[in-house]
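Residue strings, one per chain:
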Number of protein chains: 2
Amino acid sequence: MNNSLRPTTRDAIIEASFEILSRDPSAPLSDVADRAGVGRATLHRYFASRDDLVRALAMIAMEETEAAAEEACSDVSSYAEALEQTLKALIPLGDRHGFLALEPFDGDDDVDAAYARQMTEIRDMVDQAKQEGFFDLGVPTAWIAQAFDYLIYAGWESVKAGEATHQQAADLAWRTLTIGLGSK
Amino acid sequence: MNNSLRPTTRDAIIEASFEILSRDPSAPLSDVADRAGVGRATLHRYFASRDDLVRALAMIAMEETEAAAEEACSDVSSYAEALEQTLKALIPLGDRHGFLALEPFDGDDDVDAAYARQMTEIRDMVDQAKQEGFFDLGVPTAWIAQAFDYLIYAGWESVKAGEATHQQAADLAWRTLTIGLGSK
DNA sequence: CTCAAATGAGACATATATGTCTCATGAACA
DNA sequence: TGTTCATGAGACATATATGTCTCATTTGAG
């Protein structure tokens, strides 16, 4: 018995999809099915078409991202701390981020809307952190958000390469964003 | 008359390839040919197969990267300054970087060797800059190189989005790497 | 103007990925 | 034991990208 309706096969497909498609967005679905330990026909029973699968993955990636960020900010006393916790929470979701970044999206409305909303949230948090005196007011918010985003992905790559733990990568990324890597 | 052998058509194909394939590595060659303003058959006259084209692009991307970096370091008095000039020189080559990063490489030996050599060069420069007292010795070289790489790409995206000039993006990326974005 | 080389348009065969379908198998369960 | 349901294997038709080829047109040098 499972808590949600027949989870394992579907979840295996989804997880395999992230692993495969976040590296090669045009990989054949047979590769995905193989990785999931599932027949190609079964994959099509859960996701009628490649488009269906990709759309589902995009929504899942964004829901997970949003949930992780919200959870990370639940017990926080400043916007700067909220950003720090968000960064830490998002590094383990690097393959989701990679998937969203690499997939050449046609422009599904739901996906686009969710993406725009998340971007806005990050920028708002950065603006608030600026108001708290945490970031230099002279640096454009857009750049801070951009650097935030890319340093998260750099951290994930670093973890994936075995060069750091999640915690170490998060600390390094946050340090880079805030005080840089120069000597004192 | 052209200084090198029949340049324009080949160059148009190469430039179009970087534009198209750095966004969607699986885009059909007909799209590339269209963007280059060239027939699909002509593209195949210059590059027999998709593999030929991709390999050529990879080598070009790395030669250009190497040349730009070397040129940038020609008149420099420290390793830190060399890194700063390299960063500035590489931002306009963002589509080359994007191509190399996104293309799922099979593992052409020449390409792999050139890539490994460039990684080593960057790490060496970072190590030397550490010895100069420029970077914090407690931060792993691998992370500094990683952040260097990703901030270059973030800068290129920022330029592409119209949010900054090349110079501004380079300044922001370098500042982020060295002293961060926090307020004083 | 004349000729040779480069090109564009398009036909063609081929390869690969996709989506559908059928059927046999095996596990869960009454 | 018998039944049901999810699955795997594989056949099949289809769509798309690829690479080759031909031929008419254009371009540029002489």
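The following refers to the structure shown. Residue numbering note: each chain is counted from 1, following its sequence as written. Each chain takes a letter, starting from A, and each ligand takes a number, starting from 1, following the order in which they are written. It should be noted that, the model being predicted, local features are given only for residues of pLDDT at least 70 and side-chain atom pairs only at 80 or more, the latter also being counted only at that level, while totals for whole chains, interfaces and linings use all residues. Here the side-chain values reflect all heavy atoms present in the structure, with hydrogen atoms and water set aside.

**Points about the overall build of chain A**
A count of helical and extended segments in chain A gives 9 helices and 0 strands. Only DSSP runs of H or I with at least four residues qualify as helices, and only runs of E with at least two residues qualify as strands; both kinds are numbered from the N terminus onward. Starting at the N terminus, the α and β elements of chain A follow one another as α-α-α-α-α-α-α-α-α. Working rule for contacts: check all heavy atoms of both residues, and any pair within 4.5 Å makes them a contact. Of the contacts made within chain A by residues no fewer than 6 positions apart, 66% connect residues no fewer than 24 positions apart. Counting 16 positive and 32 negative side-chain charges, chain A places the averaged centre of each group 5 Å from the other. All tallies of charge rest on Lys and Arg as positive and Asp and Glu as negative; His and the ends of each chain are not included. By convention, the charge on Lys lies at NZ, on Arg at CZ, on Asp at CG and on Glu at CD.

**Brief notes about the relation of the copies chain B and chain A**
Superposition of the copies used a least-squares fit over C-alpha atoms from residues whose pLDDT is at least 70 in both. Overlaying chain B with chain A gives an RMSD of 0.1 Å, the required rotation being 180° about an axis along which the chain moves by 0.1 Å. The two molecules are tied by a two-fold rotation axis, judged by turn and shift. Rotation axis and chain B: the residue whose C-alpha lies nearest the axis is B:G180, separated from it by 1.9 Å. Mapped onto chain A, 100% of the interface residues of chain B are again interface residues, and the two copies thus contact each other with one and the same surface.

**Observations concerning the protein's contact with DNA strand C**
In the vicinity of DNA strand C lie 19 residues, with A:L29, A:R50, B:T9, B:G39 and B:T42 positioned nearest. When the atoms of DNA strand C within 4 Å of the protein are sorted by group, sugar and phosphate make up 51%. Here a phosphate oxygen of DNA strand C sits 2.8 Å away from a polar atom, N or O, in the main chain of B:G39. For the surface near DNA strand C, the elements supplying multiple residues, two or more each, are α3 (40-46) of chain A together with α3 (40-46) of chain B. Near, as used in this document, describes a residue that has one of its heavy atoms within 4 Å of the molecule or strand being considered. By the criterion applied in these results, polar contacts are pairs of N or O atoms within 3.5 Å in which, for protein atoms, one can donate a hydrogen and the other can accept it, and in which residues neighboring in sequence qualify only through two side-chain atoms.

**Some points on helix α2 (residues 29-36) of chain A**
In an α-helix there are 3.6 residues to a turn, and that puts residues three or four apart on one side. All names here are of chain A. Buried within α2 we find L29, V32, A33 and A36. Here the buried residues of α2 occupy an arc of 100° about the axis, which is enough to place them on one side. At the C-terminal side of α2, G37 shows a positive phi close to 70°. Relative accessibility decides the category of a residue: with a 1.4 Å probe and only protein chains considered, values under 20% of the type maximum give buried, values over 50% give exposed, and everything between is partly exposed. Starting at the helix axis, one direction is taken to each C-beta atom, and the arc is that of these directions.

**Comments concerning the pattern of salt bridges**
Residue and element names in this part refer to chain B. Criterion for a salt bridge: a side-chain nitrogen of Lys or Arg within 4 Å of a carboxyl oxygen of Asp or Glu. In total, this model carries 20 salt bridges over all chains according to the counting rule given. Salt-bridge contacts for E19 lead to R35; the nearest nitrogen and oxygen are separated by 2.3 Å. Here E19, found in helix α1 (residues 8-21), pairs with R35, found in helix α2 (residues 29-36); they are 16 residues apart in sequence, far enough to count as distant. Between R96 and D95 there is a salt bridge, and its shortest N-O distance comes to 3.1 Å.

**Some words on the packing of aromatic side chains**
Pairs were defined over the aromatic rings of Phe, Tyr and Trp, the Trp ring being its six-membered one, requiring ring centres within 6.5 Å. Orientation was assigned from the angle between planes: stacked under 30 degrees, edge-to-face over 60, tilted for the rest. Across all of its chains, the model carries 8 aromatic pairs over all chains by this definition. Consider the rings of A:F18 and A:F99, whose centres lie 5.5 Å apart with planes at 90°: the pair is edge-to-face. Of the two residues, A:F18 sits in helix α1 (residues 8-21) while A:F99 sits in helix α6 (residues 94-102), which places them 81 residues apart along the sequence. A ring pair is formed by A:Y150 and B:Y153, whose centres lie 6.0 Å apart and whose planes are at 70°; its orientation type is edge-to-face. Taken as a pair, A:Y150 in helix α8 (residues 141-160) and B:Y153 in helix α8 (residues 141-160) lie in two separate chains rather than in one. Accessibility classification places A:Y150 together with B:Y153 in one group, the buried group. Aromatic ring contacts, followed pair by pair, group A:F134, A:F135 and A:W174 into a single cluster.

**Quick look at a negative patch on the surface**
Residues and elements named next belong to chain A. A surface patch of like charges, here negative, comprises E70, E121, D124 and D127. Top contributing element to the negative patch by residue count: helix α7 (residues 109-131), with 3 residues. Its place among the elements puts D124 in helix α7. A patch consists of residues whose relative accessible area exceeds 30% and which take part in no salt bridge; residues with like charges are grouped when within 9 Å of each other, and nonpolar side chains (Val, Leu, Ile, Met, Phe, Trp, Tyr) when within 5 Å. Residue-level accessible areas treat just the shown protein chains as cover; the underlying method is Shrake-Rupley with a 1.4 Å probe.

**Regarding the protein's contact with DNA strand D**
In the vicinity of DNA strand D there are 19 residues, among which A:T9, A:T42, A:Y46, B:R40 and B:R50 approach most closely. Within the backbone of A:G37, one N or O atom sits 3.4 Å away from a phosphate oxygen of DNA strand D. For DNA strand D, a phosphate oxygen lies 2.8 Å from a polar atom in the backbone of A:G39. Elements represented by at least two residues in the surface near DNA strand D include exactly α3 of chain A together with α3 of chain B. When residues of the surface near DNA strand D are assigned to their parent elements, the largest contribution, 5 residues, is made by α3(A). Only Asp, Glu, Lys and Arg are considered charged in this grouping, and only Ala, Val, Leu, Ile, Met, Phe, Trp, Tyr, Cys and Pro are considered nonpolar; every other residue, Gly among them, is considered polar. Tallied by class, the residues present in the surface near DNA strand D amount to 7 nonpolar, 6 polar and 6 charged.

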